[in-house]
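Overview (structure and organization)
Chain by chain, the residues:
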Amino acid sequence: MSHALKQVFNKDKTFRPKRKFEPGTQRFELHKKAQASLNAGLDLKVAVQLPPGEEQNDWVAVHVVDFFNRINLIYGTISDYCTEQSCPIMSGGPKYEYRWQDEHKYRKPTALSAPQYMNLLMDWIEVQINNEDIFPTNVGTPFPKNFLPVVKKILSRLFRVFVHVYIHHFDRITQMGSEAHVNTCYKHFYYFVKEFNLIDTKELEPLKEMTSRMCH
């Protein structure tokens, strides 16, 4: 493994703490099953499909947490280059600007720098996935009615991290030799959200051309 790739997987570069699956739980077993499919080199389109006999919400929950951890790592590797000066607006090229909105401080969509936006985004997702009322960890505890709407919002916002990284920081990813890793993560994410219809097509627009080349 190249030094740069080691950096991508280096825990010290993680943007924030990882949400772990407790050994012995059903989620942990599902997480292992998902990882085994990837490690076996299964076609990503096949790897994202719901295994027979498993609950879709459980499968989705495991992947949302996993994507959060992976995309965190990817952003963590370029975060030193994503500054108030280099990225004063959270954007994906000249056509797309993302504004932040939440239930607390930013009740109206607000223009922020990319690093500010990313910090708020990751904090917000972390709160959601650690909320037992939304992501119950105990087997048998039903998922709430708002589970899928929350998941769709999380994944749409995580997609914006890919947009910003690909359009504004891909030279850094390439310099580090991490291009293949980031592309694989993106393909995995894309096939997953398409398989379960979790992101509106219009949200995917900024990376449409790249996606059509990468994900046949």
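Residues numbered from 1 in each chain as written. Predicted model: local features only at pLDDT ≥ 70, side-chain atom pairs only at ≥ 80, totals over all residues. Heavy atoms only, no water.

Digging into the overall build of the protein
Keep this limit in mind: Strands here are runs of E lasting at least two residues and helices are runs of H or I lasting at least four, both read from the DSSP assignment and numbered beginning at the N terminus. Between buried and exposed lies partly exposed: a residue is buried under 20% and exposed over 50% of the maximum accessible area for its type, with that area taken using a 1.4 Å probe on protein chains only. Contacts are assigned to residue pairs with any non-hydrogen atoms lying within 4.5 Å of each other. Computed with the Shrake-Rupley method and a 1.4 Å probe, the accessible areas treat only the protein chains shown as cover for residues.
Counting its secondary structure elements, the protein contains nine helices and two strands. When the helices and strands of the protein are read in sequence order from the N terminus, they spell out α-α-α-α-β-β-α-α-α-α-α. Put simply, the protein has 216 residues, and 50% of those count as buried. Within the protein, counting contacts between residues at least 6 apart in sequence, those at least 24 apart form 74% of the total. Of the roughly 11,300 Å² of accessible surface on the protein, 51% is carried by carbon and sulfur atoms.

Some details on the UniProt feature "binding site: Zn(2+)" (unreviewed entry) in the protein
For clarity, the threshold we go by: UniProt positions are given in the numbering used here, feature names are shortened, and annotations may be inferred rather than shown by experiment.
UniProt tags Cys 82, Cys 87, His 164 and His 169 as "binding site: Zn(2+)" (unreviewed entry). The annotated residues occupy 88 residues of the chain but converge on a single region, no pair of C-alpha atoms lying more than 10.1 Å apart. Residue classification places Cys 82 among the buried positions, given a relative accessible area of 4%. Other than its neighbours up to four places away in sequence, Cys 82 contacts Tyr 75, Cys 87, Ala 114, Pro 115, His 164 and His 169. Mapped onto the fold, His 169 is located in the loop between α6 (147-168) and α7 (170-175). Sequence-distant contacts of His 169, that is, excluding residues within four places in its chain, are made with Ile 78, Tyr 81, Cys 82, Cys 87 and His 164.

What to know about the packing of helix α5 (residues 114-129) against α6
Working note: a packed helix pair is described by the angle between its axes plus the distance between those axes. Cut-off, in case you're wondering: For helices, the fitted axis covers only the stretch in contact; all axes are lines through C-alpha atoms, and the angles between them, taken along N-to-C directions, range from 0 to 180 degrees. Roughly parallel here means an angle under 35 degrees, roughly antiparallel means over 145, roughly perpendicular means 65 to 115, and every remaining angle is called oblique. Rotating anticlockwise by less than a right angle from the far helix to the near helix defines a left-handed crossing, while the corresponding clockwise rotation defines a right-handed one. Ten residue types, Ala, Val, Leu, Ile, Met, Phe, Trp, Tyr, Cys and Pro, are classed as nonpolar, four, Asp, Glu, Lys and Arg, as charged, and the remainder, Gly among them, as polar.
For the pair α5 and α6, interaxial distance at closest approach is 11 Å and the crossing angle is 150°. Between α5 and α6, the angle is such that the two are roughly antiparallel. α6 is crossed by α5, and the crossing has left-handed handedness. Contacts between α5 and α6 involve Ala 114, Tyr 117, Met 118, Leu 121, Met 122, Trp 124, Ile 125, Gln 128 and Ile 129 on the former and, on the latter, Val 150, Lys 153, Ile 154, Arg 157, Leu 158, Arg 160, Val 161 and His 164. Tallied by class, residues from the contact of α5 with α6 come to 12 nonpolar, two polar and three charged.

Considering the packing of aromatic side chains
Rules: Classification of ring pairs uses Phe, Tyr and Trp, with its six-membered ring standing for Trp, and accepts pairs whose centres are within 6.5 Å; under 30 degrees between planes counts as stacked, over 60 as edge-to-face, and the remaining range as tilted. Throughout this description, the term charge over a ring refers to an Arg CZ or Lys NZ atom that lies within 6 Å of the ring centre and within 35 degrees of the ring normal.
For the structure shown, the criterion picks out 15 aromatic pairs. For the ring pair Tyr 166 and Tyr 186, a centre distance of 5.6 Å and an interplane angle of 85° mean the geometry is edge-to-face. Here Tyr 166, found in helix α6, pairs with Tyr 186, found in helix α8 (residues 179-195); they are 20 residues apart in sequence, far enough to count as distant. The two residues Tyr 166 and Tyr 186 agree in class, both being buried. Each residue in the set Phe 67, Phe 159, Phe 162, Tyr 166, Phe 170, Tyr 186, Phe 189, Tyr 190, Tyr 191, Phe 192 and Phe 196 is aromatic and connected to the rest through ring pairs, giving one cluster. One cation-aromatic arrangement involves Arg 157 over Trp 100; the distance from NZ or CZ to the ring centre is 4.0 Å. Sitting over the ring of Trp 124, Arg 157 keeps its end group 4.6 Å from the ring centre.

Observations regarding the pattern of salt bridges
Going by this rule: Put simply, a salt bridge is a Lys or Arg side-chain nitrogen that is within 4 Å of an Asp or Glu carboxyl oxygen.
Per the counting criterion, the structure on display carries five salt bridges. The closest approach of N and O atoms between Glu 203 and Arg 160, which form a salt bridge, is 2.9 Å. Here the residue Glu 203 occupies a position in the loop between α8 and α9 (208-214), and Arg 160 occupies one in helix α6, the gap between them amounting to 43 residues. For Glu 203, a relative accessible area of 19% translates into the label buried. Among the residues examined, Arg 160 registers a relative accessible area of 15% and is labelled buried. Residue Lys 202 pairs with Asp 200 through a salt bridge whose shortest N-O separation is 3.6 Å. According to the relative accessible area criterion, Lys 202 is exposed, its value standing at 65%.

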